[in-house]
Amino acid sequence: MKTVTVNIVTPDGPVYDSEVTMVIAKTTSGEIGVLAGHIPMVAPLTIGAVKLKKADGTFELAAISGGFIEVRPEKISILAPSAEVASSIDVARAKEALSRAEGRLQKKQDDVDFQRAELALKRALNRINVQEGNI
Ligand code: ATP
């Protein structure tokens, strides 16, 4: 099966650069599966998992905190505010972030704090699920 290069890049630097046969990502309008040779497109991503299918049929997972996917026939780029491959996720840290966010959501502060806490909660849950392969 044909492969395509996938790069995942954040402001802190690149977190993934490999050949895959398929990328499954969550865009704001739904999940997409992209194969090598796909026509060019750009789509915004939600906080979610990206599944990277390797030539041997196995999947690698990455937690993505939004951003964009840019598809070109020979290269797929994911640009995200933060992203981690499953093996580099610190679950204890994500669990702490989750309980902090839950605490803030219960306090019912102003809208801005509420939205921030909600996003922090989604990032933390996503990291936990990706690290545990629970997606
Ligand atoms: P925290 O409150 O734990 O910092 P956060 O969701 O606010 O979580 P981000 O702002 O999304 O964190 O990310 C800041 C940096 O920390 C990024 O480089 C991100 O990859 C990294 N990071 C955040 N949480 C984790 C984690 N649980 N494991 C590994 N890296 C993480």
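Residues numbered from 1 in each chain as written. Predicted model: local features only at pLDDT ≥ 70, side-chain atom pairs only at ≥ 80, totals over all residues. Heavy atoms only, no water.

1. Topic: the sheet that holds strand 1 (residues 4–10)
Pairing within the open sheet is mixed, and its five strands lie in the order 2-1-9-8-5. Among the strands making up the open sheet, the edge pair consists of strand 2 (13–20) and strand 5 (41–44). Recorded for the sheet is a direction-independent mean angle of 15° between the axes of neighbouring strands. As judged from the five bridges shared by strand 1 and strand 9 (residues 75–79), these two strands associate in the parallel manner. Bridged to V6 within strand 9 is I76. (Pairing = 2+ DSSP bridges. Helix = DSSP H or I, 4+ residues; strand = E, 2+ residues; numbered from the N terminus. Axes fitted to C-alpha atoms, helices over the stretch in contact; angles between N-to-C directions.)

2. Looking at the environment of F59
By the element assignment, F59 lies in strand 7 (residues 59–65). Residues F59 and D12 lie 47 residues apart in sequence; the distance between their C-alpha atoms is 24 Å. Ignoring any residue separated from it by four or fewer positions in sequence, one finds F59 in contact with I24, K51, L52 and K53. (Contact = heavy atoms within 4.5 Å.)

3. Things to note about the side chain of S65
Within the secondary structure, S65 is located in strand 7. In terms of polar contacts, S65 uses its side chain to reach the side chain of S82, at 3.0 Å. Ignoring anything within four residues of it in the chain, the contact list for S65 reads I47, P81, S82, R123 and R127. (Polar contact = N/O pair within 3.5 Å; in protein donor to acceptor, adjacent residues only side chain to side chain.)

4. A few points about the domain arrangement of the chain
Split by domain assignment, the chain resolves into domain 1 (4–86) and domain 2 (91–132). Opposite the 11 residues of domain 1 that make contact, domain 2 presents seven residues. Across the interface of domain 1 and domain 2, roughly 690 Å² is buried in total on both sides, 64% from carbon and sulfur atoms. Contact with domain 2 buries surface across domain 1, with I47, A63 and A86 losing the most and accounting together for 57% of the total. For the pair domain 1 and domain 2, the number of links is one salt bridge. Taking the shortest distance from any N to any O, the salt bridge between E84 and R127 comes out at 2.9 Å. Linking domain 1 to domain 2 there are five residue pairs in polar contact (both at pLDDT 80 or more). Counting only elements with at least two residues in the side of domain 1 that touches domain 2, the list comes to strand 6 (47–53) and strand 7. (Domains from an automatic or database assignment. Buried area = accessible area lost by both parts, 1.4 Å probe. Salt bridge = Lys/Arg side-chain N within 4 Å of Asp/Glu carboxyl O.)

5. Looking at the nonpolar core
If you look at the biggest cluster of nonpolar residues, it comprises 21 residues, and the most contacted ones within it are I8, V23, I64 and I69. Breaking this core down by element, the ones donating at least two residues are strand 1, strand 2, strand 3 (22–27), strand 6, strand 7, strand 8 (68–72) and strand 9. Here I69 is in contact with V23, A25, I32, M41, V42, A43, L45, I76, S77 and I78, once residues within four sequence places are set aside. In this structure, A94, A101, L105 and L121 belong to the second largest nonpolar core, which totals 10 residues. (Core = buried A, V, L, I, M, F, W, Y, C linked by side-chain atoms within 4.5 Å. Buried < 20%, exposed > 50% of the residue type's maximum accessible area, 1.4 Å probe, protein only.)

6. So, the site of the ligand
Lining the immediate environment of the ligand, one finds 13 residues, of which D12, E84, R100, R123 and R127 sit closest. Residue R100 places a side-chain N or O atom 2.7 Å away from an oxygen atom belonging to the ligand. In this structure, an oxygen atom belonging to the ligand sits 2.8 Å away from a side-chain N or O atom of R127. Structurally, the ligand is housed in the largest pocket. Sorting the residues of the shell around the ligand by element identifies strand 10 (83–85), helix 1 (91–107) and helix 2 (111–131) as the ones contributing at least two each. With four residues, helix 1 is the single largest residue contributor to the shell around the ligand. (Near = heavy atom within 4 Å. 1 Å grid on protein atoms, 1.4 Å probe; cavity = no way out; pocket = protein on both sides within 12 Å on 5 of 7 lines; lining within 4 Å. Sits in = over half its atoms within 2 Å of the grid points.)

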